[in-house]
Amino acid sequence: MSGSQTPGLAPSSADLPLPASYGDPQRNGLSAADLVDGMTEHLFYTLGRQARGASHHDLYMALSYAVRDRLMTRHLAYKDELRRLRPKAVAYLSAEFLIGPQLGNNLLMLGIVEQAREALRRFGINNLDTVLDEEEEPGLGNGGLGRLAACYMESLASLEIPATGYGIRYEFGIFDQLIEHGWQVEITDGWLKGGWPWELIQPERSCRVGFGGHTEQVRDERGELRHRWVPAEAVIGIPHDVPVLGFRVNSCNRLRLWRAGAAEDFDFHAFNRGDYYGAVEQKVGSETISKVLYPNDGSDAGRRLRLRQQAFFVSCSLQDMLRSLVLRGIPIEAFADHWAVQLNDTHPAIAVAELMRLLVDEHGLGWEVAWEITSRSIAFTNHTLLPEALECWDLGLFASLLPRHLEVILEINHRYLQEVRLRQPGDNDLLRRLSIIDETDGKRVRMAHLAVAAAHRINGVAGLHSELVRTSLFPDAARLWPERFTNVTNGVTPRRWLALAHPDLGTLLDEALGTAWPAAPELWQRLETWQNDAAFLERWAGAKRAAKERLAALIEARTGQVIDPTSLFDVQVKRIHEYKRQHLNALQLVAQYLRLKRGDSDGMVPRTVIFGGKAAPGYAMAKLIIRFIHGVAGVINADPDVHGLLKVVFLADYNVKLGEKVYPAADLSEQISTAGLEASGTGNMKFTLNGALTIGTLDGANIEIRDQVGAENFFLFGRTSEQIAELRAKGQPHDRLEAIPLAREALDLISAGHFSEGDGNLFRPLVDSIRGADPYFLLADFNDYLACQDQVSRTWSQPALWTRRSLLNTARSGFFSSDRAIRQYCDGIWGVRPLRIAMTHGC
């Protein structure tokens, strides 16, 4: 692969020259002295501290406030331009934004990392990481969905696309993960306890959201019959704005997160009657909406809270967008010309009904006009093929919380199905499949169907996934309206995930490609010039080795385990789920252990296998997989027969902060999901970006990664999605176990209690699942996976070859920049253009 154009990066209207001030912090007025002055003022006036007595946390807060001041200068200037020019903007609606720590990222965006180091030295701090480590991980997201949203917000700002991200300001994250006796234990993620300097509360922009009650028909001033909703309860949404700065540009967008508050905080009448709990009942009930990310939906109360959360933040966000038009003197009818509303999966799909309600009931538009506006403005990204993740709400629950929205949905469904009848007369099965209301097992509202009925574009997030969306998930809609369906393969930001996370490699790229490379992925292919340069490859290997030494030190500090940084770092970090097949990895470790116990170590290389990830609190099998990994690790790490060749580590409480240490250090990226079940993945892209080689199936974005980096630089194994579908249809999930002797021996050893201190029953549900239906086809892929791991070992034993392939993975990963994905959204879905501003020096 050669040439200056990265494969898949077509020239875009957003490809404009970098600003003249690119990379020049002095032209941005951000010297070390400026930061010292800002920190000193914030220590004294904001925090009430003297500099000489400031703690590390005080210095983190003061530096963050000083940096935020510079962000706000840009944000307010950008807002002025938005008011003046009134361009179309993006509204990105997402239930989560896994934005990660902000200080280090914003220093990188402003180009003042060295100035920050110098400023801290004047306060007696010689290591910037000492202060960066003080920052708590914001508990605003959980996994790939939220991390993708964060990458997209950063790319929108870096490409100078006007945008607002809308979500919820959760008081508590999903949970912090502890491991006790091998089991996951969930504890409260109180991420706000030390204060968070990156948000600005905007109470004057609060919105009111209703729940429950009833609807009635009234006549408006023109005598026309209208619906009016009379809610039984009202909640106030208070916006908290987080500035999102682009890379070395002046564009600064915002993440607007809604906190729920009571319409009336305190009931004096109840208090005076002696009902002290009743006096604050409404406040407590209202604030519960934004208390925690993803409450357990295993109960009616949990499902009710989830629906309240979704309706709450979506209503606040749409009200905010409509209000922005009024404040700028833009007619409501022009909504779709000024806002492109992107639904990040099905969580915000209620936006379809809420926007229609606001336009028809609150702003008096006719149904047809309102529907055209809604359809033109809303687009929908599907992120999963798993049925349990495609949200459906019981009709009774929905009616009790959102009675007017249900009426709107029923009217949408009536008109939608009537259109289908005209296209396909007499096909009642088609109507049943397309209906927003599912009546197969009690009546339910299908939120994905609602989004598909309204959206002018529906996209998947990888080539295979988008094809399966068209052919398996929504085949009828795709056949009737093929022009609505498209693909936008996910991307990740190279700023956080390489420039910030891997400074040694970033410095090497600065020298090889120039300092513009983080915003210019088309430059990365120039690295291929050095693929046969021994001196350059040695420096590349040195940068990887430095990252591995940092991770080894972190692992020793956290777990007490001493690992060899010269060993092969084999990494699988992601949400724990059966389809992601962490248990396949653990099962092959048992097989490798059996080989070593027999003295069969030929071809094996020293390997450290690193796991990380959280299991949903109510997902028993995923939690058992974590326990299984710890059981295997305990035996392998304690057995002298395997010492020096195999070690297993589980990193608890995996998050963005930890990911910034793991991705740069990985040699091998485990992307081993059952083919046809992973939508895309973004972790796979972060590993590739940092020069890890992938072992994986033809699933999600693995296919495109292999196409981009070259088949010879990717370790492929496993059945294809078509072969898996064929096995599933035949009811034959795998070959007979007798034909896979090493797998049978491994399962027998597990059943004997070898990895559970003699308890043969502990892992029985896991073993029975594999021996029985094997729904995720572990045994179908087992032999191929084991053989592929042998191929990995052979390649690792040739360091020059491995390093060359590592370089080529990075060089050819430009397609997976989130900048490319955002350009594709802008040109193919949103119709939004960049807005660039100039600022005077010294800001």
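Residues numbered from 1 in each chain as written. Predicted model: local features only at pLDDT ≥ 70, side-chain atom pairs only at ≥ 80, totals over all residues. Heavy atoms only, no water.

Details of the confidence of the model for the chain
- Here the chain averages 92 in pLDDT, and 93% of its residues register 70 or above.
- Low pLDDT, under 50, characterises residues 1-27; the stretch is placed with 62 contacts to residues that sit more than four places away or in other chains. (pLDDT = per-residue confidence, 0-100. Contact = heavy atoms within 4.5 Å.)

Looking at the nonpolar core
- Formed by 212 residues in total, the largest nonpolar core has its most connected members in Leu93, Phe312, Phe335, Phe398 and Trp830.
- The element best represented in this core is helix α10 (residues 300-327), accounting for 10 residues.
- Those residues in contact with Phe398 that sit more than four places away from it in its chain are Leu307, Ile350, Trp393, Pro403, His405, Leu406, Ile409, Val445 and Met447.
- By size, the runner-up hydrophobic cluster in this structure holds 63 residues, among which are Val590, Met621, Ala633 and Tyr776. (Core = buried A, V, L, I, M, F, W, Y, C linked by side-chain atoms within 4.5 Å. Buried < 20%, exposed > 50% of the residue type's maximum accessible area, 1.4 Å probe, protein only. Helix = DSSP H or I, 4+ residues; strand = E, 2+ residues; numbered from the N terminus.)

Section: helix α2 (residues 56-85)
- When the terminal C-alpha atoms of α2 are compared, their 43 Å separation across 30 residues agrees well with the 44 Å that a helix rising 1.5 Å per residue should span.
- Note on α2: the residue one or two positions beyond its end, Arg86, has a positive phi of about 50°. (Expected span 1.5 Å × (residues − 1).)

Some remarks on the sheet that holds strand β13 (residues 392-394)
- Reading across from one edge, β13-β15-β14 is the order of the three strands in this open sheet, with antiparallel pairing throughout. Only two strands of the sheet have a single neighbouring strand rather than two, namely β13 and β14 (437-438).
- Of the strand pairs in this sheet, β14 and strand β15 (residues 444-446) are connected by two bridges, and their pairing is antiparallel. Looking at β15, one finds that Ile437 is bridged to Val445. (Pairing = 2+ DSSP bridges.)

Thoughts on the packing of aromatic side chains
- All chains considered together, the criterion is met by 18 aromatic pairs.
- Clustering of aromatic rings is evident, with ring pairs tying together Tyr92, Phe97, Tyr152, Tyr825 and Trp830.
- Stacked on the ring of Trp497, the Lys or Arg Lys686 has its end atom at 4.6 Å from the ring centre.
- Over the face of the ring belonging to Phe815 we find Arg820, whose NZ or CZ atom lies 4.1 Å from the ring centre. (Phe/Tyr/Trp six-rings, centres within 6.5 Å; stacked < 30°, edge-to-face > 60°. Lys NZ or Arg CZ within 6 Å of the ring centre and 35° of its normal.)

What to know about the packing of helix α22 (residues 534-559) against helix α32 (residues 799-811)
- At a minimum axis separation of 10 Å, α22 and α32 run at an interaxial angle of 80°. When the interaxial angle is binned, α22 and α32 end up roughly perpendicular. From α22, Phe536, Leu537, Trp540 and Ala541 reach across to α32, where they touch Thr803, Arg804, Ser806, Leu807 and Thr810.
- Of the residues in the contact of α22 with α32, the class split is five nonpolar, three polar and one charged. (Axes fitted to C-alpha atoms, helices over the stretch in contact; angles between N-to-C directions. Parallel < 35°, antiparallel > 145°, perpendicular 65-115°, else oblique. Nonpolar A, V, L, I, M, F, W, Y, C, P; charged D, E, K, R; others polar.)

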